[in-house]
Amino acid sequence: MAIWAKIKQLNLKQTFILGKTFLFRPGLLFPTYRATRQTVQICNRLFGKAHHKDNKTNAFRHALWNFLIAEKSLPQLKEKTKAIAWAKEITDLHEKLSPNPELPRTMDLHNNEVGRSLFQQEITSEEIIEKLQEMMKEAQFVDQVAEIPNYPERLVYIESLKN
């Protein structure tokens, strides 16, 4: 799922919102694109197509994506807090532009936050994949939105890998 293929699926209003976001931050377009592409490549290599469902591999992908966006935008933004804020802004926008039902959307937003939290913890890009694979072992199954806040430092998912 290339980012440009997703952009082609956006309606005019969504395209305008995305374009406006990068218009005011053009230097973040390529770091964000590279982080997105790298995330998808890693997840395709590790999980095949499984990460496109709402399972543990999807939780891994969302956390990794946020970590890599923050990491790759840091040279441009110069401050970790700004890089984390950018990762939140662009991934929250993604959730807004490609709406899911409430439970999968809340799950994605939660796992995004886990990735940004890991970026704050001085974990390196070399360590993040192994760290997230370990976290997948402790990921929490949820079937209600109200459960998600009970697991602030854990990945959450709503489908088994068998689905």
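Everything here concerns the structure above.
A brief report on the enclosed structure follows. (Residues numbered from 1 in each chain as written. Predicted model: local features only at pLDDT ≥ 70, side-chain atom pairs only at ≥ 80, totals over all residues. Heavy atoms only, no water.)

1. Here we look at helix α4 (residues 56-77)
- If you check α4, its first and last C-alpha atoms are 31 Å apart, about what 22 residues at 1.5 Å a residue would give, namely 32 Å.
- The buried fraction of α4 amounts to 16 of the 22 residues, a majority that puts the element mostly inside the structure.
- Phi turns positive one or two residues past the end of α4, at Lys 78, with a value near 75 degrees. (Helix = DSSP H or I, 4+ residues; strand = E, 2+ residues; numbered from the N terminus. Expected span 1.5 Å × (residues − 1). Buried < 20%, exposed > 50% of the residue type's maximum accessible area, 1.4 Å probe, protein only.)

2. Quick notes on the pattern of salt bridges
- Under the counting rule described, the total for this entry stands at six salt bridges.
- The salt bridge partner of Arg 116 is Glu 113, with a shortest N-O separation of 2.8 Å. In this pair, Arg 116 and Glu 113 both sit in helix α6 (residues 102-120), three residues apart, roughly one turn of the helix.
- Judged by its relative accessible area of 39%, Glu 113 falls in the partly exposed class. (Salt bridge = Lys/Arg side-chain N within 4 Å of Asp/Glu carboxyl O.)

3. Remarks on the nonpolar core
- Formed by 41 residues in total, the largest nonpolar core has its most connected members in Phe 60, Leu 118, Leu 132 and Leu 155.
- Contributions of two or more residues to this core are made by α3 (29-47), α4, α5 (80-97), α6, α7 (125-137) and β2 (156-157).
- Per element, the largest residue contribution to this core is ten residues, and it comes from α4.
- Beyond its immediate stretch of four places on either side in the chain, Leu 132 contacts Phe 60, Ala 63, Leu 64, Leu 118 and Leu 155. (Core = buried A, V, L, I, M, F, W, Y, C linked by side-chain atoms within 4.5 Å. Contact = heavy atoms within 4.5 Å.)

4. Here's the deal with unusual backbone geometry
- Phi at Lys 78 takes a positive value of approximately 75 degrees, unusual for a residue other than glycine.
- Here Lys 78 lies in the loop between α4 and α5.
- With a relative accessible area of 65%, Lys 78 lands in the exposed category.

Remember that the coordinates give geometry; whether it matters functionally is a separate question.
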